[in-house]
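The residues making up each chain are set out below.
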Amino acid sequence: MAIDFELTQEQKELQELARRFARDVMAPRAAKADKLGEFPEDVYRKAWELGLMNLNVPTEFGGSGLGELDQCIITEELAYACGGMTTSISANCLALQPINLAATKEQKERLLKPFCASYNLASFALTEPSGGSDVASMKTTLKREGDEYVINGEKVFITNAPHASIYTLFATVDAARRHKGVTAIVVPRNTPGITVGKDEDKLGHRASATSSITFENARVPVANRLGEEGDGFKIAMNTLDSTRTPIGALATGIARAALDHAAKYSLQRSSFGKPIGEHQAIALKLADMAQKVTAARLLVWYSAWLADQGKPVPMESSIAKCFASDSAMEVANEAIQVFGGYGYMREYPVEKLLRDAKLTQIYEGSNEIQRLVIAKELLKRFA
Ligand code: COS
């Protein structure tokens, strides 16, 4: 089939829906939520009502049943208005993907259906205080006692943790087995023995909530385990393979916002007798920024297009995430430069974009990890 960049009618409608929601509901709240570190739950509730939340859950279990490319189109539009709100809206896709991938039909009926039937948040609980990159070395334990697991340990930097009703937890049944001990289980938030830490005061994504979760002898039914004991590492990796591409889309949305702000400002602001956009020093910056935004989107769409055909995309999703997030940092940084001193002021919109872009280089696997994954996949072809 020939390559075709034309979106389907349905994709254009999804894009328009997300764009209108971003412009009318998210954007007017973004600066204040960022300044105060507010969690605008009414915005998230509205996103759920419009079907912009559980995008990757099949419709038979109450989700929007969308493919990877559809998710990326929506995510870029949302992030154009606010990266932090988009993180909180998208976190359900990350937390529910292990269930999509590894749950039995009975588990999906029991765990996904009631969850998706009303506004609910879920969190993906993987990272621990001693590290987020070396997943196989996790210390949180799952000890089987009859038909229950007893959980002890701590997870950190967990998006939406204070507001979520379920956690998709990764813990180990035997730390000595490294990645072969990692096991995934769905934990209801109201389980006794769970304590959620303070809402972290972050550099960016301040409209999103981030906390630690401590488990002290928390008991969860074995029936909530996803797959078998020891399947958790691969479930986590497969999940991240499919959610890193949308993070690339999120970063592209931030970068596109930075480019648009800079381009508009360059026509309004004059120096040396003409708009600064007509000076080559600024025009060349804008041209470089436009290249990065366009290339980021194409890498994201390519990875999503492959994934929608059922192809494994560990390398392509890492390329998309890594390139788009590095580009978002560079483009936001240049946008501040175009604005000059005004760009450094909170009153103007571009410094927030730099702060929001930064996290996209860190979460869902740091860009150093993405480069290791890319190199490993590349070298496999020549081994
Ligand atoms: N898909 C399927 N299987 C995968 C996989 C993938 N993407 N990546 C690794 N595996 C498999 C390997 O094939 C290997 O399988 P076997 O047991 O059959 O040999 C196993 O998993 C272990 O792989 P590996 O030896 O590569 O594991 P490492 O401990 O070296 O870790 C990285 C690999 C660093 C890539 C992994 O730990 C990682 O992605 N870390 C970042 C995690 C992250 O994104 N954290 C952010 C938290 S979410 S905000």
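Definitions and cut-offs
Residues numbered from 1 in each chain as written. Predicted model: local features only at pLDDT ≥ 70, side-chain atom pairs only at ≥ 80, totals over all residues. Heavy atoms only, no water. Phe/Tyr/Trp six-rings, centres within 6.5 Å; stacked < 30°, edge-to-face > 60°. Buried < 20%, exposed > 50% of the residue type's maximum accessible area, 1.4 Å probe, protein only. Helix = DSSP H or I, 4+ residues; strand = E, 2+ residues; numbered from the N terminus. Near = heavy atom within 4 Å. Polar contact = N/O pair within 3.5 Å; in protein donor to acceptor, adjacent residues only side chain to side chain. Areas by Shrake-Rupley, 256 points an atom, 1.4 Å probe, with all protein chains shown as cover. Domains from an automatic or database assignment. Contact = heavy atoms within 4.5 Å. Salt bridge = Lys/Arg side-chain N within 4 Å of Asp/Glu carboxyl O. Nonpolar A, V, L, I, M, F, W, Y, C, P; charged D, E, K, R; others polar. Axes fitted to C-alpha atoms, helices over the stretch in contact; angles between N-to-C directions. Parallel < 35°, antiparallel > 145°, perpendicular 65-115°, else oblique. Left-handed = near helix turned anticlockwise from the far one by under 90°.

For the rest of this paragraph, the subject is the packing of aromatic side chains. As enumerated under the stated definition, the model contains six aromatic pairs in all. Ring centres 4.9 Å apart and planes at 65° place the aromatic pair F39 and Y44 in the edge-to-face group. Across the pair, exposure class does not vary: F39 and Y44 are buried alike. Measuring from centroid to centroid gives 4.1 Å for Y265 and F339, while their planes differ by 10°, and the two rings are stacked. Taken together, the positions of Y265 in helix α6 (residues 232-268) and F339 in helix α8 (residues 314-339) put the pair 74 residues apart, joining distant regions of the chain. The exposure classification of Y265 matches that of F339, with both residues buried. Taken together, Y265, F339, Y342 and Y348 form an aromatic cluster joined through their ring pairs.

Quick look at the site of the ligand now. Of all residues adjacent to the ligand, which total 21 residues, the nearest are S133, H179, K234, R244 and K376. At 2.8 Å from a nitrogen atom of the ligand is found a main-chain nitrogen or oxygen belonging to S133. Between H179 and the ligand, the recorded distance is 2.7 Å, taken from a side-chain N or O atom to an oxygen atom. Notes on the ligand: free accessible area 1000 Å², of which the protein chains cover 67%. Those elements giving two or more residues to the shell around the ligand turn out to be α6 and α10 (367-380).

Taken domain by domain, the protein consists of domain 1 (9-117), domain 2 (122-230) and domain 3 (234-380). Averaged C-alpha coordinates put domain 2 and domain 3 at centres separated by 30 Å. The partner domain 3 presents 14 residues to the 11 residues of domain 2 that form the contact. One can count zero salt bridges joining domain 2 with domain 3. Residue classes in the side of domain 2 that touches domain 3 are distributed as seven nonpolar, three polar and one charged.

Looking now at the side chain of T210. Its place among the elements puts T210 in strand β7 (residues 210-221). Other than its neighbours up to four places away in sequence, T210 contacts F157, I158, K198, D199, E200 and K202.

All right, on to the packing of α6 against helix α9 (residues 350-360) then. Packing of α6 against α9 brings their axes to within 10 Å, and their N-to-C directions diverge by 160°. As the angle between them shows, α6 and α9 are arranged roughly antiparallel. Crossing angle aside, the handedness with which α6 passes α9 is left-handed. The segment α6 lies against α9, with I247, L250, A251, I254, A257, A258 and H261 engaging V350, L353, D356, A357 and T360. For the contact of α6 with α9, a count of residues per class yields nine nonpolar, two polar and one charged.

Two numbers describe how helix α4 (residues 83-102) lies on helix α5 (residues 105-117): the axes approach to 10 Å, and their chain directions differ by 155°. When the axis of α4 is compared with that of α5, the two are roughly antiparallel. Two packed elements cross with a definite hand, and for α4 against α5 that hand is left-handed. Judged by residue contacts, N92, L96, I99, N100 and A102 of α4 engage Q107, K108, L112 and F115 from α5.

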